[in-house]
Amino acid sequence: MRVLAEVHRRDGYPVNWPARPDEWLSQAALLGAWVAELGGRPVGHVGLSRSGEGDLAPGLWSERTGTSEDATAVVGRLFVAPRARGHGVGALLIGRAVAEARRHGLHPVLDVVASDTAAAALYERLGWELMATVEQRWGPSQLVAVRCYAAAS
């Protein structure tokens, strides 16, 4: 939770701080989660889950490929402590989640807030394909642009 709080203070991720960060990290549809360490200290996290309410990328992938949304796994809850950036931690975490999705026969997809240009640059550098940028309502007065990606086939 400490690393997540640090990332939130510095980068604004997650955009809306969850009331229960521990539950936010361990959502019900979770297929797996991984923590990265440097020098024995946690510095990053990624989760892999089934499609849930509000996930846009699975539907876009399904429309594009003619397959069911059930054939996807959503990579999410990715964050890396500011002090650990530049060491490839984010790429390693994404790689681990992608490998697990493929082990389950699922295609990895993800949604990212469009204003998070550093995350988008990482996904694109790793070969992820931008499927669309769409607006999503996150509450009565919050409309957010979200970029939807699919891992390379």
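None of these values were measured; they are calculated from a predicted model.

About the cut-offs
- Residues numbered from 1 in each chain as written.
- Predicted model: local features only at pLDDT ≥ 70, side-chain atom pairs only at ≥ 80, totals over all residues.
- Heavy atoms only, no water.
- Buried < 20%, exposed > 50% of the residue type's maximum accessible area, 1.4 Å probe, protein only.
- Helix = DSSP H or I, 4+ residues; strand = E, 2+ residues; numbered from the N terminus.
- Pairing = 2+ DSSP bridges.
- Right-handed = clockwise from strand over helix to strand, strands pointing away.
- Phe/Tyr/Trp six-rings, centres within 6.5 Å; stacked < 30°, edge-to-face > 60°.

Right, let's get into the pairing of strand β4 (residues 107–113). With 6 of 7 residues buried, β4 is to be regarded as a mostly interior element. Bridge count for strand β3 (residues 72–80) against β4 is 3 bridges, and the pairing is parallel. Bridging across to β4, Thr72 finds its partner in His107. Taken together, β3, helix α4 (residues 89–103) and β4 constitute a β-α-β crossover, and its handedness is right-handed. Pairing between β4 and strand β6 (residues 143–150): 5 bridges, direction antiparallel. The residue bridging Val112 from the neighbouring strand is Arg147, located in β6.

The next thing to look at is the packing of aromatic side chains. The final tally for this structure, using the stated rule, is 3 aromatic pairs. Here Tyr13 and Trp24 contribute two aromatic rings whose centre-to-centre distance is 5.9 Å and whose plane-to-plane angle is 65°, an arrangement assigned as edge-to-face. Of this pair, Tyr13 sits in the loop between α1 (2–11) and α2 (21–25) while Trp24 sits in helix α2; the two residues are 11 residues apart in sequence, bridging distant segments of the chain. For Trp24, a relative accessible area of 17% puts it in the buried group.

A separate point is unusual backbone geometry. In the segment running from Tyr13 into Pro14, the intervening peptide bond is cis, with an omega of -5°. Within the chain, Arg77 stands out as a residue other than glycine whose phi angle is a positive 55°. Counting through the fold element by element, Arg77 comes out in strand β3.

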